[in-house]
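Chain by chain, the residues:
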Amino acid sequence: MSMGCERIQAAGYGQAAGVCEQAAGRGQDADERAALAFTDLTFFRGAQPVIANLSYEVRGGRLTCLVGRNGCGKSTLLGLAGGMLRPQSGTVRLLGREIAALGERERARELAVLAQGHTAPAMRVRELVALGRYPYRGDGDIAADEEAVEGALGITGLAGLADVWVDRLSGGQRQRAHIALAVAQETPVLLMDEPTTYLDAAGCHEVLRLARQLAHAGRTVLAVVHDLDLALRYADEIAVMDDGRIACSGTPAAVLAQGVLQELFGVRIRTFEDGDEAGYLLFPR
């Protein structure tokens, strides 16, 4: 993990962010092959740089939550990670291979994307989840497809709702159905862009808990999360983004201890415990 963050308390956030970001790109005790690796990444919208010389590695088998203020480039980074956007310079590597060199179907077997804002298609849950098998169409292994769909329904707790129309689901159930679609895709890497948007409190915890379970079962999950309490509760690693760069990264406890989140968001964060669980209260400064 990036522990250049430890200088923040001594130097102040504004000065130390650059040091922290450099450390984030250099050495994170990463796995021998990072699931996702961004190297010197730059992306412009018009004349404005949205991502600026960003380097960062996402380690395998973890839930990494990407946090930062609105407009800092989080969703853009996920677009670059998924190959939906192309950088002006720098590279994105997926499981050691440059993502720009992968064909659409090949990429879809390695990486699934849960995008923001889902419509309710006119189909049943099982039919929606089965769409996750599109990268394998033509393989002729119908049994494998059916097993993947049933497994995804089971993992997401939707087996009992498989024949329900999607538009009759609650917001949390509908989000789980789209996660099940991504699970059925059977990719080692999953990107989630604001997966808790429009969900109630219980639904938010439900989705983040599921994301963590998927990661701990072997997938790599990179999720944009706005709610700092949820990110701190469920992430294995937090990457703090500011002004198109990764300002700091590390375990939730390490990042919290450095004061980066407090300084960046202008809040005071207090930790409380309930049994074996920790929660976080945010107060304006």
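Everything below is about the structure printed above this text.
The structure reproduced in this document is the subject of the present report. (Residues numbered from 1 in each chain as written. Predicted model: local features only at pLDDT ≥ 70, side-chain atom pairs only at ≥ 80, totals over all residues. Heavy atoms only, no water.)

With that out of the way, let us pick up the pairing of strand β11 (residues 267-274). Summarising the sheet, β11 and strand β12 (residues 277-284) pair through eight bridges and their orientation is antiparallel. Counted as the bridge partner of R268 is F283 from β12. In this antiparallel pair of consecutive strands, β11 and β12, the connection spans two residues, and G275 shows a positive phi of 70°. (Pairing = 2+ DSSP bridges. Helix = DSSP H or I, 4+ residues; strand = E, 2+ residues; numbered from the N terminus.)

Attention shifts here to the side chain of T76. Position of T76 among the secondary structure elements: in helix α3 (residues 74-81). With near-sequence residues (within four places) excluded, T76 lies in contact with F43, R45, V50, I51 and L85. (Contact = heavy atoms within 4.5 Å.)

Further remarks concern the nonpolar core. Counting residues in hydrophobic clusters, the biggest one holds 53 residues, and the most contacted among them are L63 and M192. When sequence neighbours within four positions are dropped, the list of residues in contact with L63 reads L208, A211, R212, A215, V221, A223, Y234, A235, D236 and E237. Among the nonpolar cores identified, the runner-up in size contains 29 residues, and I51, L94, I99 and L191 belong to it. (Core = buried A, V, L, I, M, F, W, Y, C linked by side-chain atoms within 4.5 Å. Buried < 20%, exposed > 50% of the residue type's maximum accessible area, 1.4 Å probe, protein only.)

Read across the open sheet, the six strands follow the order β6-β7-β8-β3-β9-β10; overall the sheet is mixed. Two strands in the sheet have a free side with no partner beyond their single neighbour: β6 (111-114) and β10 (245-250). Taking each pair of neighbouring strands and ignoring which way they run, the sheet shows an average axis angle of 20°. Bridging between strand β3 (residues 63-67) and strand β8 (residues 220-224) involves four bridges; their strand directions are parallel. Bridge pairing in β8 places L63 opposite V221. Helix-sheet contacts for α3 involve β3, β6, β7 (189-193), β8, β9 (237-242) and β10, and the interaxial angle to β7 is about 150°. Taken strand by strand, helix α7 (residues 171-184) contacts β6 and β7, and its axis lies near 165° from that of β6. (Axes fitted to C-alpha atoms, helices over the stretch in contact; angles between N-to-C directions.)

A word on the sheet that holds strand β2 (residues 48-58). Pairing is antiparallel across the open sheet formed by four strands, whose spatial order is β2-β1-β4-β5. This sheet does not close on itself; its edge strands, each paired only once, are β2 and β5 (97-98). Relative to β2, strand β1 (residues 36-45) runs antiparallel, the two sharing seven bridges. Within the sheet, the bridge partner assigned to F38 lies in β2 and is Y56. Lying on the sheet, α3 is in contact with β1, β2 and β4 (89-94); it crosses β1 at an angle near 120°.

Our next topic: helix α6 (residues 142-155). Helix length check: α6 (14 residues) gives 20 Å between terminal C-alpha atoms against 20 Å at 1.5 Å per residue, within 8%. For α6, every residue scored as buried is listed here: A148, V149, A152 and L153. All buried residues of α6 lie within an arc of 130° about the axis, which places them on one face of the element. In α6, those exposed residues whose orientation departs by more than 90 degrees from the buried face are A143, E146 and E147. (Expected span 1.5 Å × (residues − 1). Arc of directions from axis to C-beta.)

Attention now moves to the packing of α6 against α7. Put simply, α6 and α7 touch, their axes get as near as 8 Å, and they point 140° apart. One finds that α6 runs oblique with respect to α7. Read as a crossing pair, α6 and α7 show a hand that is right-handed. Here A148, V149, A152 and I155 of α6 lie close against α7, whose contacting residues are A180, V183 and A184. (Parallel < 35°, antiparallel > 145°, perpendicular 65-115°, else oblique. Left-handed = near helix turned anticlockwise from the far one by under 90°.)

Evaluated as defined, the whole model comprises 11 salt bridges. In this structure, E186 and R133 form a salt bridge, with 3.1 Å as the shortest nitrogen-oxygen distance. Taken together, the positions of E186 in the loop between α7 and β7 and R133 in the loop between α5 (125-130) and α6 put the pair 53 residues apart, joining distant regions of the chain. Among the residues examined, E186 registers a relative accessible area of 43% and is labelled partly exposed. (Salt bridge = Lys/Arg side-chain N within 4 Å of Asp/Glu carboxyl O.)

Turning our eyes to something else, we now look at the side chain of E194. Mapping E194 onto the fold places it in the loop between β7 and α8 (201-216). Although buried, E194 forms no salt bridge, and the nearest oppositely charged side chain, K74, lies 5.7 Å from it. Sequence-distant contacts of E194, that is, excluding residues within four places in its chain, are made with S75, Q116, Q175, V224 and H226. (Lys, Arg positive; Asp, Glu negative; His and termini not counted.)

Note that all results are geometric; they support no functional claim without further evidence.
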